[in-house]
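# Reading the structure
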Amino acid sequence: MDQFRIHGPCRVSGRVEAAGAKNAALPEMAAALLTEEPVELRGLPRLRDIRTMARLLGHLGVEAAERPDGVELHGGGEVSSDDAPYELVKTMRASVLVLGPLLARLGRARVSLPGGCAIGVRPIDQHLAGLEALGATVELQHGYVTAHAARLRGGRFRFDLRTVGGTENLLMAATLARGTTVLENCAREPEIVDLARLLTAMGARVEGAGGDRITIQGVDRLGGASHRVIPDRIEAGTYLLAAATTGGALDVAGAVAADLAPLLEKLAAAGCEVSPYDGGVRLQRDGELRRCDVSTAPHPGFPTDLQAQFMVMMTQARGVSTLRETVFENRFQHVPELARMGADIQLDERTARITGPTPLPLSAARVMATDLRASASLVLAGLAATGETVVERIYHLDRGYERMELKLQALDARVEREAA
Ligand code: EPZ
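Residues numbered from 1 in each chain as written. Predicted model: local features only at pLDDT ≥ 70, side-chain atom pairs only at ≥ 80, totals over all residues. Heavy atoms only, no water.

Here we take up the packing of helix α8 (residues 233–246) against helix α10 (residues 307–315). Two packed helices can be described by the angle between their axes and the distance between those axes. In contact at an axis separation of 9 Å, α8 and α10 are set at 5° when each is read in the N-to-C sense. Judged on the interaxial angle alone, α10 and α8 are roughly parallel. Two secondary-structure elements touch here, α8 through Ile-234, Thr-238, Leu-241, Ala-244 and Thr-245 and α10 through Gln-309, Phe-310, Val-312 and Met-313. Looking at the contact of α8 with α10, its residues break down into six nonpolar, three polar and no charged. (Axes fitted to C-alpha atoms, helices over the stretch in contact; angles between N-to-C directions. Helix = DSSP H or I, 4+ residues; strand = E, 2+ residues; numbered from the N terminus. Parallel < 35°, antiparallel > 145°, perpendicular 65-115°, else oblique. Contact = heavy atoms within 4.5 Å. Nonpolar A, V, L, I, M, F, W, Y, C, P; charged D, E, K, R; others polar.)

Set out below in structure tokens:
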């Protein structure tokens, strides 16, 4: 298992380019199942999760091919299997996104239940209730979901809660249903808007993506398309937070300010100079960091995927900050590791109270990553720390960040990847 050896402190400065968005690419790859024509996706990031999805699609009979511009998917061939096995699904929850497309295209699907992960139970009850509202018969047997529908029929479904994956699964399934589907209380993430762009290019009739009501007029078939995936706002936000935490001056090319508004507001409130421009966002932090109070929420709220990284910045801010995690029930895995580095963080259920500034590391400088974004927060802590920090098990990091050590080295940071 690889690890990072980080020598701090450093000032993350220079220019970095945001890669394609993992959380747009994954549903868009699954959308290739909706047509027998080739679907070409450009600008996909070189990430472990993308390769996992390509392997799953290959298992289902849709071939993917590497391209110079990242991983491009020439898929849509004959779908030969309706079965997403546990050994593939257990490594990546997003595998459940093949459920809706398989059901819409083949009339049947058998997908392993994703199981929980480090950040929570993460059920898919909303996905299943939505598919039943479209006329599917859904059964749970031996850890698998099996779903059947001769042909899905348009219907009206209101999500009990804002779910990104649930919205994406139902959106994809409804494109081939007979009649009109109205989905209410939908998630509004930019990645859903980008998925709707791809589906529309394939011939789907979708209105309202990005709002809480999406209307889909079902069609009989979808065609191929060529589509460039949007930049990754969470990767971009992570680098902006690295510069803010370490007092650097950074230009993140590709960052879309509108998609990062909640973060940019908090960065400015914390004392950073934030300058969006056409094509990216610049950030500079010279003075002291000020405390902030943040509560995560579904888009357009503060993204839960930046909560851990923001917490690291607050350990360097003067005063007591609070961070409330409202989306996942267990997304403070990074707190014990940050505390071992000397951070002063008190947990009370879903709220963390961070008192700063605390120099890092006061003590142990060997920390272990548990989930994708917690890993990123430990790297940021290592960059701010004085001395050497080793972050173990960074395979989590490789799931969502393209060769992070190379990008950080280009930004004046001393980070080495080592085989442990
Ligand atoms: C997506 O996960 C993202 N992953 C996550 O990013 C992100 O944290 C999350 O949305 C929230 O923004 C991808 O897009 C591949 P949800 P998803 O369904 O779709 C509960 C990362 O770091 N829920 O919006 O799985 C669920 O338990 C990853 O890149 C139900 O109760 O998230 C959670 O508490 C981590 N029933 C909340 O809703 C359901 O049927 C939000 O989950 C579905 C969800």
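Now for the domain arrangement of the protein. Domain boundaries assigned for the protein yield domain 1 (2–19 + 231–419) and domain 2 (22–228). Contact with domain 1, which involves 23 residues of that partner, is made by 19 residues of domain 2. Both sides together, the interface formed by domain 1 and domain 2 hides about 1800 Å², and carbon and sulfur atoms give 52% of it. Considering only the side of domain 1, the residues that lose the most area to domain 2 are His-299, Arg-399 and Glu-402, jointly responsible for 33% of the buried surface there. In this structure, the connection of domain 1 to domain 2 is made through two salt bridges. Residue Arg-399 is joined to Asp-49 by a salt bridge in which the shortest nitrogen-to-oxygen separation is 2.7 Å. In this structure, the connection of domain 1 to domain 2 is made through six residue pairs in polar contact (both at pLDDT 80 or more). At the level of secondary structure, the elements contributing two or more residues to the side of domain 1 that touches domain 2 comprise α12 (372–384) and α13 (395–400). Residue contributions to the side of domain 1 that touches domain 2 peak at four residues, all from α13. (Domains from an automatic or database assignment. Buried area = accessible area lost by both parts, 1.4 Å probe. Salt bridge = Lys/Arg side-chain N within 4 Å of Asp/Glu carboxyl O. Polar contact = N/O pair within 3.5 Å; in protein donor to acceptor, adjacent residues only side chain to side chain.)

On to the pairing of strand β8 (residues 137–141). Looking at chain direction, β8 and strand β9 (residues 144–148) are connected through five bridges and run antiparallel. Following the sheet pairing, Thr-137 is matched in β9 by His-148. (Pairing = 2+ DSSP bridges.)

Attention now moves to the side chain of Thr-163. If you trace the backbone, Thr-163 turns up in the loop between β10 (156–158) and α6 (164–174). At 2.8 Å, the side chain of Thr-163 forms a polar contact with the backbone nitrogen of Gly-166. Filtering out sequence-adjacent residues up to four positions away, Thr-163 remains in contact with Gln-126, His-127 and Ala-187.

Another point: the sheet that holds strand β24 (residues 387–392). Sheet architecture is open: four strands sit in the order β23-β24-β1-β25, paired in mixed fashion. Among the strands making up the open sheet, the edge pair consists of β23 (366–368) and β25 (414–419). The average angle at which neighbouring strand axes cross in this sheet is 25°, direction not considered. Taken together, the six bridges between strand β1 (residues 2–8) and β25 define a ladder with antiparallel strand orientation. Bridge pairing in β25 places Gln-3 opposite Glu-418. Against the sheet, α12 engages β1, β23, β24 and β25, with an angle of about 30° to β1.

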